[in-house]
Amino acid sequence: MSVAPAPSPSRFHSRRRLMSTGARMLALSVVGGLVLAGLTGPIVGLFAVTAKRGANTFNDMPTDLLTPPLPQASKMYDAKGHVIAYLHGSEDRQVVPLAFVPRYLQQAVIDIEDSRFYEHHGIDFKGLARAAVANQESGGFTQGGSTLTQQYVKNVLLESANTPEERQAATERSVSRKLREAKYAIALEHQLTKQQILERYLNIAYFGDGAYGVQTAAQHYFSKDVNQLTVDEAATLAGIVKNPSRYDPLLHPVAARDRRNGVLDRMHELGHLPDMFWTFSKGRPLQLDPRKAATDSCQSSSAPFYCQYVRSQLLSDPEFGPTPEERQRRLFEGGLVIRTSLDPDIQEAAQHAVNTIIPPGNRIATASVIIEPGTGNVLAIATNRIYGPADDGKPASTTTDFTHTKFPLATTSDAFQPGSTFKVFTLAAALEQGLPLSLTLKAPPCYQSHVFHNPDGHCPVTPFSPDGIGYHNAEEGEGGVFSMTQATWNSVNTYFVQLEEKVGVYNVANMARRLGVTSYRVEPRTPKGVWSKDGTLTLGTFEVSVIDMASAYATLAAHGIRCDPRSVVAMADAQGLVPTAPPKCRPVLRPEVADKVTSVLEGVINQGTGAANAPIGRPAAGKTGTTDNFSNAWFVGYVPQMAAAVWVGDPRSTVQFPLNNVTVPVGSYAHVYGGDLPAMIWSNEMRNALVNYSAAYMPPADATAPTGGPNQVPDVTGMDVKTAEGVLRAEGFNPLGGGVGTTTYGTTYGGSGRVVRTVPGPGSTVNLGSPVVMLVR
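The structure presented is a predicted model; accordingly, all values stated were derived computationally and were not measured.

Thresholds, definitions, all that
Residues numbered from 1 in each chain as written. Predicted model: local features only at pLDDT ≥ 70, side-chain atom pairs only at ≥ 80, totals over all residues. Heavy atoms only, no water. Helix = DSSP H or I, 4+ residues; strand = E, 2+ residues; numbered from the N terminus. Buried < 20%, exposed > 50% of the residue type's maximum accessible area, 1.4 Å probe, protein only. Disulfide = S-S within 2.5 Å. Contact = heavy atoms within 4.5 Å. Polar contact = N/O pair within 3.5 Å; in protein donor to acceptor, adjacent residues only side chain to side chain. Salt bridge = Lys/Arg side-chain N within 4 Å of Asp/Glu carboxyl O. Core = buried A, V, L, I, M, F, W, Y, C linked by side-chain atoms within 4.5 Å. Phe/Tyr/Trp six-rings, centres within 6.5 Å; stacked < 30°, edge-to-face > 60°. Lys NZ or Arg CZ within 6 Å of the ring centre and 35° of its normal. 1 Å grid on protein atoms, 1.4 Å probe; cavity = no way out; pocket = protein on both sides within 12 Å on 5 of 7 lines; lining within 4 Å. Points joined across faces, edges and corners; volume = space filled by probe spheres on them. Nonpolar A, V, L, I, M, F, W, Y, C, P; charged D, E, K, R; others polar. Pairing = 2+ DSSP bridges. Axes fitted to C-alpha atoms, helices over the stretch in contact; angles between N-to-C directions.

Draft legend 1. Layout of the overall build of the protein chain. Check the secondary structure of the protein chain and you find 24 helices and 27 strands. Looking at the protein chain as a whole, 52% of its 777 residues are labelled buried.

Draft legend 2. Spotlight on the state of the cysteines. With the rule as written, the count across this model stands at two disulfides. Two residues, Cys-563 and Cys-585, share a disulfide whose sulfurs are 2.0 Å apart. Residues Cys-563 and Cys-585 are joined through a disulfide that is right-handed, its torsion about the S-S bond being 115 degrees. Linking Cys-563 in strand 14 (residues 561-563) with Cys-585 in strand 17 (residues 585-587), this pair joins segments that are 22 residues apart in sequence.

Draft legend 3. Representation of helix 11 (residues 231-240) in the model. Of all ten residues making up helix 11, ten are buried, and the element is well covered by its neighbours. Considered for burial, the residues of helix 11 that qualify are Val-231, Asp-232, Glu-233, Ala-234, Ala-235, Thr-236, Leu-237, Ala-238, Gly-239 and Ile-240. Where the residues of helix 11 are buried, they touch helix 4 (103-113), helix 10 (214-222), helix 12 (253-269) and helix 13 (275-283).

Draft legend 4. Expanded view of the side chain of Gln-215. Relative to the helices and strands, Gln-215 resides in helix 10. For Gln-215, a relative accessible area of 4% gives the class buried. Within the structure, Gln-215 has its side chain in polar contact with the side chain of Asp-225 (distance 2.8 Å). Residue contacts for Gln-215: discarding those within four places in its chain leaves Gln-94, Val-96, Phe-100, Asp-225 and Val-226.

Draft legend 5. Up close: the pattern of salt bridges. Tallied over the entire structure, the rule returns 19 salt bridges. Note that Arg-514 is salt-bridged to Glu-432, the shortest N-O span being 2.7 Å. With Arg-514 in helix 20 (residues 505-515) and Glu-432 in helix 17 (residues 423-432), the pair connects residues that are 82 residues apart, well separated along the chain. Taking relative accessible area as the criterion, Glu-432 reaches 27% and is therefore assigned partly exposed.

Draft legend 6. Region of interest: the nonpolar core. Among the nonpolar cores identified, the biggest contains 93 residues, and Phe-425 and Tyr-495 are the most heavily contacted of them. Sorting elements by how many residues they give to this core places helix 21 (residues 546-557) first, with nine residues.

Draft legend 7. Representation of the packing of aromatic side chains within the structure. A complete count under the given rule lists ten aromatic pairs for this structure. Here the aromatic rings of Phe-422 and Phe-425 are separated by 4.8 Å at their centres, their planes lie at 75 degrees, and the arrangement is edge-to-face. The burial state of Phe-422 is the same as that of Phe-425; both residues are buried. Pairwise contacts between aromatic rings join Phe-422, Phe-425, Tyr-553 and Tyr-638 into one cluster. For the cation-ring pair, Lys-194 lies above Phe-117, with the distance from its terminal atom to the ring centre recorded as 4.5 Å. Across the ring face of Phe-657, the terminal group of Arg-652 is positioned such that the distance to the ring centre comes to 3.7 Å.

Draft legend 8. Focus on empty space enclosed by the protein. Applying the stated criterion to the full structure yields three cavities of 30 Å³ or more. Approximately 50 Å³ is the volume found for the largest cavity. If you trace the largest cavity, you find it lined by Leu-556, Ala-557, His-559, Thr-598, Tyr-638, Val-639, Pro-640, Tyr-697, Met-698 and Pro-699. Breaking the lining of the largest cavity down by element, the ones donating at least two residues are helix 21 and strand 19 (633-639). When the residues that make up the lining of the largest cavity are grouped by side-chain class, the tally is eight nonpolar, two polar and no charged. Taken as a whole, the second largest cavity spans an internal volume of roughly 40 Å³. For the lining of the second largest cavity, the class distribution of residues is six nonpolar, five polar and two charged.

Draft legend 9. Layout of the sheet that holds strand 6 (residues 365-371). Within the open sheet, the five strands sit side by side as 7-6-20-19-18. Their pairing is antiparallel. In this open sheet, the two strands that pair with only one neighbour each are strand 7 (378-383) and strand 18 (621-626). Neighbour-to-neighbour, the strand axes of the sheet open up by a mean angle of 10 degrees, direction not taken into account. Strand direction decides the pairing type here: strand 19 and strand 20 (residues 642-649), joined by seven bridges, are antiparallel. Bridging from a neighbouring strand, Gly-637 pairs with Ala-644 of strand 20.

Draft legend 10. Looking closely at the side chain of Gln-498. Of note, Gln-498 is situated in helix 19 (residues 493-503). A distance of 2.8 Å separates a polar side-chain atom of Gln-498 from the backbone oxygen of Lys-442. Not counting residues up to four positions away in its chain, the partners in contact with Gln-498 are Leu-441, Lys-442, Ala-443, Pro-444 and Tyr-447.

Draft legend 11. Fine view of the sheet that holds strand 5 (residues 337-340). With mixed pairing, the five strands of this open sheet are ordered in space as 2-1-5-15-16. Since the sheet does not close on itself, it has two edges, and those belong to strand 2 (83-87) and strand 16 (576-578), each with one partner. Taken pair by pair, the neighbouring strands of this sheet meet at an average axis angle of 25 degrees, ignoring direction. In this structure, strand 5 lies alongside strand 15 (residues 568-573), joined through four bridges in antiparallel fashion. Within strand 15, the position partnered with Ile-338 by the bridge is Met-571.

Draft legend 12. The arrangement of unusual backbone geometry in detail. Residue Pro-760 follows Val-759 across a cis peptide bond; omega there is -5 degrees. Tracing the chain through its elements places Pro-760 in the loop between strand 25 (755-759) and strand 26 (765-767). The phi angle at Ser-491 is positive, at roughly 55 degrees, despite the residue not being glycine. Tracing the sequence through the fold places Ser-491 in the loop between helix 18 (484-490) and helix 19. Of note, His-559 is a non-glycine position whose phi angle comes to about 60 degrees, a positive value. One can find His-559 in the loop between helix 21 and strand 14. Judged by its relative accessible area of 36%, His-559 falls in the partly exposed class.

Dropping the structure here:
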């Protein structure tokens, strides 16, 4: 639209046009006092005394107004340049240049607050006199007479106040405050152009309801940038600044509309608003579209849990600021531009997966973190919850609101038992020590260690567990002879306890820490510390965070190069770029060891515990995890481009509320294993996250059968097939055949279903893992 132009914004720098200091002081003291207090006769009698004393006082006042940078919100961006959050403190402000503010909004503020803005030199004596007369006629204080320059000075002094005394001095109703503001205003008009003063005023002014500056006000009341405001919307904002509480359009829409129309009338009266726009704008409703205010800046973010993670990382980083107070001030008031590693497409894939498999509102929660190997860049953080406090106001342990949470389930402040996903570190430690993948061990259903403390479990009394205590496998009766590869594929607990005996608890713990698990202590023995006799470490009984597990598996994907998780890739303030640490990467594991681990973990997805739900249509490696009594379930896996960890559990208490009798859209589960819902979520998010990525090379999957030293074939003649198979497996062989009435060689026997002989025969010496054919009749 076309708005009639205002007078040219001259700087009025000629000192010849200034009144003498004494004369200016004389008028200012008397008229200012009248305006401030609404007094008349008695003050006039003191005119001369006031003038003399005021002139001396005025000359002694400082002229250098300290104008510290305005507190303004920091902007957080994703990797593709989209704003994902505004982080603000008590003052929500975004500073914008005057060119971004529509001319009609500039004019509306000038016309209603200081119509002689382009004519005075910081003090408007005509305005003061007019206000004095108005106040005298009304018998009260109805007009203030302050110019925009004076108002700006007052706001600067208030912003600079650090003590209650300074804040009182900046807001008190006194002649001395008016004098101080006037002296600063006069000096300021010699230092800045009118346009610069107007820009600063529009960015510092308070527009009510926590909104500071025109840009934040436009977003707050109309959900749009200030340069998109219409004339009537601009007039609404211009009308607020006189009394933000009284004219708050959200609380007092009638008063706000009347005030807006008063602004439009003033613009029309001064010739700055054509008739057509004046009539049309006055007839419009307020057209409010308020942005929902949130006390937590991350709550209105498009990626709130990621926002929360970045915020917590910066506020705890001494390199970001030496003290907590300095870090708070810098983050929430520094106007930083923070560029993160969040990939919006990958974030969408992760969020879709968790919400689809276990929708918000289910008592079961799930969290996922995706990290880029080789950089540590955190690409996504997803939780099947809406960020925010619980509707019932109860703490996390007792809430019945399963839709909302402010707890960062995926990051270091929350930790859960990882179950068998921790076996990977025992595998890596064993390979590093030179133990072969062909290492074959008898792994009975229950095992009592002579090295570790034996936990009370559910083991029956057997030769392997004579006291009924010890380590047990996930399923009753699950046992046999396994190589390291097969034990990993099938997640055999009693095998890994024995492997841990060979490797050493501290070596396993240190391997986990080297690869990226930082959320527990190796020693001493404390609630979160590892004890040298605690064989349960390999079974994942020590709590770790989801992001730590994603980071550690990303180290394997990067061939043993560990890169610490990194969410902030660049940062800038008003002065330019802020130094940001590069990726912190270093080799922690020999590439051949890391790649051998990967080759084994590929088999978990191809033919192990993840085979049912984890395949993604391209080579990938991963591991399932399920803790005792189904308290937690996990899947952690990777391809060369990204590693993802998925946790599933009840955040109220994983022990008190285990994963039993779980119903979700994809089905009902009596018990949830890592190969169930976690593997589904992982597969779903990885398939979608990798749409734009080509399949990349991975070390060939290890497909070796268990091999070992020589052993004699036991005599199973006369045994039924099932018993014979169990005996042969327990001795380290691979039984074949067993079909009633047939043999592998095609010879037909009777139908009794018992073994008549084996090939090789009883007593034959062959290598462990070799096939033994059973001939059955």
